[in-house]
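This is what each chain is made of:
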Amino acid sequence: MNSKFKLQNSNLAVGKAIMCAAVFLLLAAYCLPPAVSAHEGEDHSKDKPQTTVATTGKSAVTIARAERNIQTDNGQFNVQFQRAPADVRTGETSQFAVQIAEKVEGGFGGSEPLPLTDANITANITTSNGQIIASKLPLKFEDGFYFGKYAFSNAGNFKIVLNATTSDNRSLSVDFPVSVVKAPISWTFWLIMTLFGLLLIGGVGVVVYKTRGYNGNKRLQLKRVAPVAIAAILIFVLVAFTFAYITPPRQTRSLAEMPKLGTGATAAETEVANSLQTTLTVPKESQLLFGIKTEALETRTITAGLKVTGTVKARPEAQAVVVPPVAGRIVLKQGITVGSVVSRGEQVGYVEQVLDVSGQVGLEQQRLEVEAQQREIEARRLDIKNSILQLQSQQAEQRANAQQAKTRLAQAQRELRRSINLVEVNAVPQKRVEEARTAVNVAEQEVTAVEKQVVLLDNQIKQTSAGTNIFRLPKVNQPNKRFSLTAPVTGIINDIKATTGQQIETGTEILSISNLSTVLIEAQVFESDLPMVRESTRASFTTAALSGEVYTIGTPDEDGRLVSIGQIVDPQTRTIPVIYEMKNPGNRLRDGMFVEITIDTSGDRKVLAVPKKAVITEQGQTFVFVFDGGEIFEKRPVALGAEGEDFYEVKTGLKENDRVVVEGVYQLRSTQPGS
């Protein structure tokens, strides 16, 4: 009994110890200074260029400012935007303020923009590619500004899209980029929770150790340990929720209210903001997060010159249509559809000709005439057959005569040899030999005559037999007759204008075929610019349908060439067609597609060139972000010269081997005050 009582007391002591530790940790967390939960002693003043406003009892707020001039059919507007904090974190409420002013030319408004105070403005929060994550957030008007707020739950690149409608139902839309990063981890929270968890586990372990004497009775041991373990779990959950409320797992800041754009800012703050417009400090971690990439400048040949418009056209010999030779019912080959590839001469269907009533009457008359002709031909053929039989009979008789003549010739020859032998022994006179020789000559002549007669009769039989072939009946049209439809060229079917079973007339277009493996690019050049392009064989072009792709013509690594320069000026547009031929793998260029062409008139001159994607133009100022090493980026104004498809010529502001930002410009602009 005493041991049992001691065990209960020990369990109670452990439970009291756990509860005391929990209360102590709760009090310690509650008493933590706010600075620890906000920044944990980190100095963020060097993270990004910011305008800082100190506020008592709250963390300093950083401001990102931007301005847009918008030209629409409804008027000219100036939009000033500010967002706090500049370094937006997940879980924090981002504040933003907007001031919209309309530029009124003339009248009582003068040339200064007039603020819009009665507009209805809502905000949409979208991803960088336009996917809406929050829509129609209302903005509250106060002291000349429209205020809104939104808490971003995820990190990434976003846009704040402002949609404004004036009192007279004019509308405009403008967007501003926002880069959101994950809030830093609060190591205080996780350290305290880890220590507290270890303390609870230790307490439960002590209870398990104290009850080791009950190994023989597992049920009794479990009965003693289970309440302590359940109490420890409940205490851990309670403490976790309490700490999460007091000290969140990720650092959050209690931010000061954002000062209004153009008001409430001291002269010192304005000076700081202006001084930071050309230099930007971005930590290495942020550079990786933003995906910033740079590229060294170099001299290169850029295709710059005359910019004109044009169209893509299929070659005339690569286009064809299929039309029926006769009127009838169309039947297309199975599987033939728009986009099917066909070869030259391939059958794509057939036309079944069906005669009408008048055609049927004519066909019957034609059939009767043919039957009469057939009877007459049969009679002639019978006469010829009888003649052939007579000739064959005569030929057989002559062959019998020839056989008899050959027999007599052989007998006469034997008699001649016998007579010669008898004369040699003086058994008969010489006259007997001469008579025998005469008989042989007569027999030979008879054989020759009969054989000639046999040959003559044989020729007559052949000629008579050949005469039967000239008697042929004309063909009689059938009520239904099929005419094949074949593809005139190899290519792709791009249009089908008839369906199976449809009755069509002769010459009706059934389908069209185009071969776009090679296309023509027709540029329209004004007659005044003709001297500039006569000596140029190089060009490049782009099309809105294939955004980002640049095609070049006339370079060694491209399958394109100048075909011809037109000889006739269009009287309406005063332009001359300049035609190029271009290989088109994959048929990406389509017939009739609109293109923008740059005809190279710059020759082989090499210039210092900057990629187009690195150049930013705002409020009439052109600049790039230059990487100065480490964490320093400089917003540097530049003067540009000739424009190519991918590059600009740099006149001033940059030098060779300067590294400019080509990716991540969007993020740099979003954190640049006054950008």
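The coordinates are above.
Residues numbered from 1 in each chain as written. Predicted model: local features only at pLDDT ≥ 70, side-chain atom pairs only at ≥ 80, totals over all residues. Heavy atoms only, no water.

**Observations regarding the overall build of the protein chain**
Just so we agree on the cut-off: Think of it this way: any DSSP run of H or I at least four residues long counts as a helix, any run of E at least two long counts as a strand, and we number them from the N terminus. Throughout this description, buried means an accessible area under 20% of the type-specific maximum (1.4 Å probe, protein chains only), exposed means over 50%, and partly exposed covers the range between. The contact definition used throughout considers only heavy atoms, calling two residues in contact when any of these lie within 4.5 Å.
Per the secondary structure count, the protein chain includes ten helices and 37 strands. Burial analysis of the protein chain (675 residues in total) assigns 39% to the buried set. If you take every contact in the protein chain between residues at least 6 apart in sequence, the share linking residues at least 24 apart comes to 73%.

**A look at the nonpolar core**
What counts is decided by this rule: As used in this record, nonpolar core signifies buried Ala, Val, Leu, Ile, Met, Phe, Trp, Tyr and Cys residues forming a set joined through side-chain atoms within 4.5 Å.
Among the nonpolar cores identified, the biggest contains 29 residues, and V79, I100, L139, F152, I160 and L162 are the most heavily contacted of them. Elements supplying a minimum of two residues to this core: strand 2 (58-72), strand 3 (75-84), strand 5 (93-103), strand 7 (120-127), strand 8 (132-138), strand 10 (145-151), strand 11 (156-165) and strand 12 (171-181). Considering each element in turn, this core owes the most residues, five residues, to strand 12. Setting aside residues no more than four positions away along its own chain, F152 makes contact with V88, R89, T90, G91, E92, S94, I125, F158, V178 and V180. In terms of nonpolar packing, the next biggest core, distinct from the first, is built from 25 residues, V519, V525, V533 and V578 among them.

**Remarks on the side chain of T90**
You can see T90 is positioned in the loop between strand 4 (88-89) and strand 5. T90 gets classed as buried once you look at its relative accessible area, which sits at 12%. Setting aside residues up to four positions removed in sequence, T90 forms contacts with F152, S153, N154, A155, V180, V181, K182 and A183.

**A look at the pairing of strand 11**
We count it as follows: One requirement defines pairing of two strands: DSSP has to find at least two bridges between them.
Sheet topology note: the strand 7/strand 11 ladder contains eight bridges and is antiparallel. Bridging across to strand 11, T127 finds its partner in F158. Looking at chain direction, strand 11 and strand 12 are connected through ten bridges and run antiparallel. Paired with T165 across the two strands is S171, which belongs to strand 12. Connecting strand 11 to the next strand, strand 12, in antiparallel fashion are five residues, including N169 with a positive phi near 65 degrees.

**What about the sheet that holds strand 35 (residues 639-643)?**
Selection criterion: In this analysis an axis means a line fitted to C-alpha atoms, helices contributing only their contacting stretch, and an angle means the value between N-to-C directions, from 0 to 180 degrees.
Here we have four strands laid out as an open sheet, ordered 15-31-36-35, and antiparallel in their pairing. Of all the strands in the sheet, just strand 15 (298-301) and strand 35 have a single pairing partner and so form its edges. Going from strand to strand, the sheet's axes swing by 60 degrees on average, the running direction of each strand aside.

**Concerning the pattern of salt bridges**
So the rule is basically this: The working definition used for a salt bridge is a side-chain nitrogen of Lys or Arg within 4 Å of a carboxyl oxygen of Asp or Glu.
For the structure shown, the criterion picks out 21 salt bridges. With a shortest N-O distance of 2.8 Å, E376 and R380 are connected by a salt bridge. You can see E376 and its partner R380 sitting in helix 7 (residues 357-424), four residues apart, about one turn around the helix. Given a relative accessible area of 44%, E376 falls into the partly exposed group. Connected through shared salt-bridge partners, E634, R636, K655 and D658 make up one network.

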